[in-house]
Every structure is written in C-alpha cells, then in structure tokens.
Amino acid sequence: MHRIKIRHLETLMVFMKTGSVTEAAEILGTTQPNASKSLKQLEDSIGISLFQRSGGRLQPTPEAEILFTHAARLMEELTFFESLSVDLARLKSGFVQVATLATFGVALLPLVAEAFNARYPDVFVQIDILDSDKIHSFVSRGNYDLGLVHHPSQEVDLMAQTLRTGSMVCIMPPAHPLARRRAIKAADLAGLPLITYPKTLPFGAAIAKTLADEGVQIRNPLSANHSHVVRKLVERGRGLALVDEYAVWDAAAAPGIAVRPFTPRIPVSIGLIVPKRRPLSLAAQAFLAALQDALAAPPL
C-alpha cells in the first residue's frame, strides 16, 4: 500500500457529499480530470475498488461508504490539529503547571497569575504548593513545567537559576508605632511580640541568629511554619514578624499590614528549576516572562 495523501481524502470526502466529480472539483478549486485522477490514485493506494464506473459516472461501493466514515473522522482531527496548532502559537490554548513553595504562593504568584490570565485568558494555569524536595523531584520527572524554590540545586535532570535575591522584611499592623518609621532595625524589636518561624526551619534559624548577633531579645508568643499563617497573625494584631518579601509582594494593595525594610539584611532568594530534557512550552515561557516582570517591580 502506498502512502495516502490528504488531497486524496479531501477529494473522496467532497465527492461522497456531492455525488459529482464536477462539483467536487469546483469546490476543491481544481479541474474535473484532476479530481477523477485523485480518486483513482486513492483506489490504487489502498488496492480496492471504491467506485463502479458506468456511463461516465461513479457509483460508490460499500467499501467507499465505510472508508468515507473514517475519512470524515480523520479530516475532523486534521482540522482540529490545524486549529489547535494556531491556538497554541497564539497562546489561545495551552496548559501551564507550576510547583511552588508556599511563601511564593501567598502574594507573588497570585499577582503573576492575575496578570497572565488577563493577557492569555484561554491558557489554563495550575499552581500547586509543595515542599522543596517534592518540587525538585516532580519537576525532574516532568510532572510540572517549572518549579519555584529558595535554593535551586543543579541536578542531572534539572536546569536551575536564581531569578532574584531579596530580603526579609518587617511586617506589622498599619497602626503600630513602628509603622511610622521608614525602616526597622533589629534593636527596634527588643521586648516586642514577634511572630516567628520555628528555629528548625532555615528562615527561623536565620532570624534567631541575626537577633542573637544583635543582642536583641524578643517576646515569642506565636510561631508558624508557613508565611501565610505568620502574615495572617500579624494582620489580626497578634504582633510583628519578619518574613521574606515575596510573601508580601502585594503589600501596596494589602490594607491589613505595613511593610518596612529590615536591617541587618537577611537575604532570601527565589529560584527557578525546569526539566533539562523538555523545553518549556510557549505558554510556560509566557508565564515565566510574567513572573520576571513581576519580580522587576518589588513592593518596597
């Protein structure tokens, strides 16, 4: 069997619908002899007779009727393929899966997703919050297009880069006396209730060391292992907190907290990991571009 050409199937489809080679040729924008030749080539390709020829007319055989049904499905799939390829190229369709740490999912990624969705409303975006080990593992397997972590590690199946290095910031209720200051020093927190992370976490350990190095003692009534919980406790007036700036990236539109720079600086990075063996889709590239645009406009 020789390879069947799409124009053969197109000719069969139109002929079966019109019952006339002449009409089929007109619809296809070709000549009647070319249409007849195309039908004959189709028969030669598959090795069976599709038409009975009598008096210059073609009568479809039962085999032609069967193949017509399947040809219709193939042409529908081809039309869908062509339409989908155009939609993917224009980002009128697509799917982006992002695995992220919780701290980036509190404020930063919702802003990114909002801007991305406004520009590409037909691209589906899924954002899943996982721990760092799972993000590295799942992204390396190709379960996600990209992952966002604090310390991206170079691995056999991953490409990693730091997108931005920011800082821990001090957050407090807007009515707090320290909110009148442009920046907060470690000494300013002495004796105040400070909502913290457990010391077993990198953030908690870094904060505890910084305050200890500065000789600052604090009241430590509340602790949480996720930035969004820490932020909510501050918004409810339970104290101040030091959080990474990505957790309050929406500070300008968040009336429940005031955000101030903190010294001495405690650096915090956001890193990107992507599968090494699979290029980013056009949709994932566009989402990454939206993320980089957001990171170029920090809240402070």
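Residues numbered from 1 in each chain as written. Predicted model: local features only at pLDDT ≥ 70, side-chain atom pairs only at ≥ 80, totals over all residues. Heavy atoms only, no water.

Enquirer: Explain the overall build of the protein to me, please; I cannot follow it from the model alone.
Expert: When helices and strands are tallied, the protein shows ten helices and eleven strands. With respect to the three principal axes, the spread of C-alpha positions in the protein is 105 × 40 × 25 Å. Here the protein holds 300 residues, and 42% of them are scored as buried. Within the protein, contacts between residues at least 6 apart in sequence are counted, and of these 76% link residues at least 24 apart. In the structure as shown, the protein presents an accessible area of about 16300 Å², 54% of it carried by carbon and sulfur atoms. If the 31 positive side-chain charges of the protein are averaged to one point and the 27 negative ones to another, these points end up 8 Å apart. (Helix = DSSP H or I, 4+ residues; strand = E, 2+ residues; numbered from the N terminus. Buried < 20%, exposed > 50% of the residue type's maximum accessible area, 1.4 Å probe, protein only. Contact = heavy atoms within 4.5 Å. Areas by Shrake-Rupley, 256 points an atom, 1.4 Å probe, with all protein chains shown as cover. Lys, Arg positive; Asp, Glu negative; His and termini not counted. Charge placed at Lys NZ, Arg CZ, Asp CG, Glu CD.)

Enquirer: Help me understand the pattern of salt bridges in this model?
Expert: Note on pairing: side chains with opposite charge can pair once their charged atoms come close. Using the criterion set out here, one finds ten salt bridges in the structure. Each member of the salt-bridge network shares a partner with another, and the members are R231, K232, E235 and D250. (Salt bridge = Lys/Arg side-chain N within 4 Å of Asp/Glu carboxyl O.)

Enquirer: Just checking my understanding: could you explain the nonpolar core for this structure?
Expert: For soluble globular proteins, the rule of thumb is that nonpolar side chains tend to be buried together. Counting residues in hydrophobic clusters, the biggest one holds 71 residues, and the most contacted among them are L108, L148, L189 and L291. It is helix α10 (residues 282-295) that contributes the most residues to this core, nine residues altogether. The contacts of L189, once residues within four sequence positions are left out, are C170, L178, I184, L194, L211, V216, Q217, I218, L240, L242 and F262. If you look at the next biggest cluster of nonpolar residues, it comprises 21 residues, including M13, F15, A25 and F68. (Core = buried A, V, L, I, M, F, W, Y, C linked by side-chain atoms within 4.5 Å.)

Enquirer: Just to check I follow, could you spell out the packing of helix α1 (residues 6-18) against helix α3 (residues 32-46) for this structure?
Expert: Geometrically, a packed helix pair is captured by the angle between its two axes and the distance between the axes. Contact pair α1 / α3: the axes reach a minimum separation of 9 Å and the direction vectors enclose 115 degrees. Viewed along their axes, α1 and α3 adopt a mutual orientation that is roughly perpendicular. Once α1 is placed against α3, the crossing between them reads as left-handed. Contacts between α1 and α3 involve R7, H8, L9, T11, L12 and F15 from the former and A35, S38, L39, Q41, L42 and S45 from the latter. In the contact of α1 with α3, the residues fall into six nonpolar, five polar and one charged. (Axes fitted to C-alpha atoms, helices over the stretch in contact; angles between N-to-C directions. Parallel < 35°, antiparallel > 145°, perpendicular 65-115°, else oblique. Left-handed = near helix turned anticlockwise from the far one by under 90°. Nonpolar A, V, L, I, M, F, W, Y, C, P; charged D, E, K, R; others polar.)

Enquirer: Hey, could you run me through α1 in this one?
Expert: Owing to its 3.6 residues per turn, the α-helix aligns residues three or four sequence positions apart on the same side. Over its 13 residues, α1 extends 18 Å from the first C-alpha to the last, a length consistent with the 18 Å expected when each residue adds 1.5 Å. Looking only at α1, the buried set comprises H8, L9, T11, L12, M13, V14, F15 and M16. Check the buried side of α1 and you find it contacts α2 (21-28), α3, β1 (51-54), β2 (57-60) and α4 (62-89). G19 lies just past α1 and shows a positive phi near 75 degrees. (Expected span 1.5 Å × (residues − 1).)

Enquirer: Sorry, what's going on with the environment of R141 here?
Expert: Examined against the element boundaries, R141 turns out to sit in helix α7 (residues 132-141). Each C-alpha atom, one on R141 and one on P275, is 7.4 Å from the other, the two residues being 134 residues apart in sequence.

Enquirer: How should I be thinking about the pairing of strand β5 (residues 146-149) in this particular structure?
Expert: In the case of a regular strand, side chains alternate between the two sheet surfaces. Both faces of β5 are covered, namely the face carrying L146 and L148 and the face carrying G147 and V149. Both strand β3 (residues 95-100) and β5 contribute to a ladder of three bridges, which runs parallel. Counted as the bridge partner of T100 is L148 from β5. Bridging between β5 and strand β11 (residues 267-275) involves three bridges; their strand directions are antiparallel. In the strand pairing of β11, L148 is matched with L272. (Pairing = 2+ DSSP bridges.)

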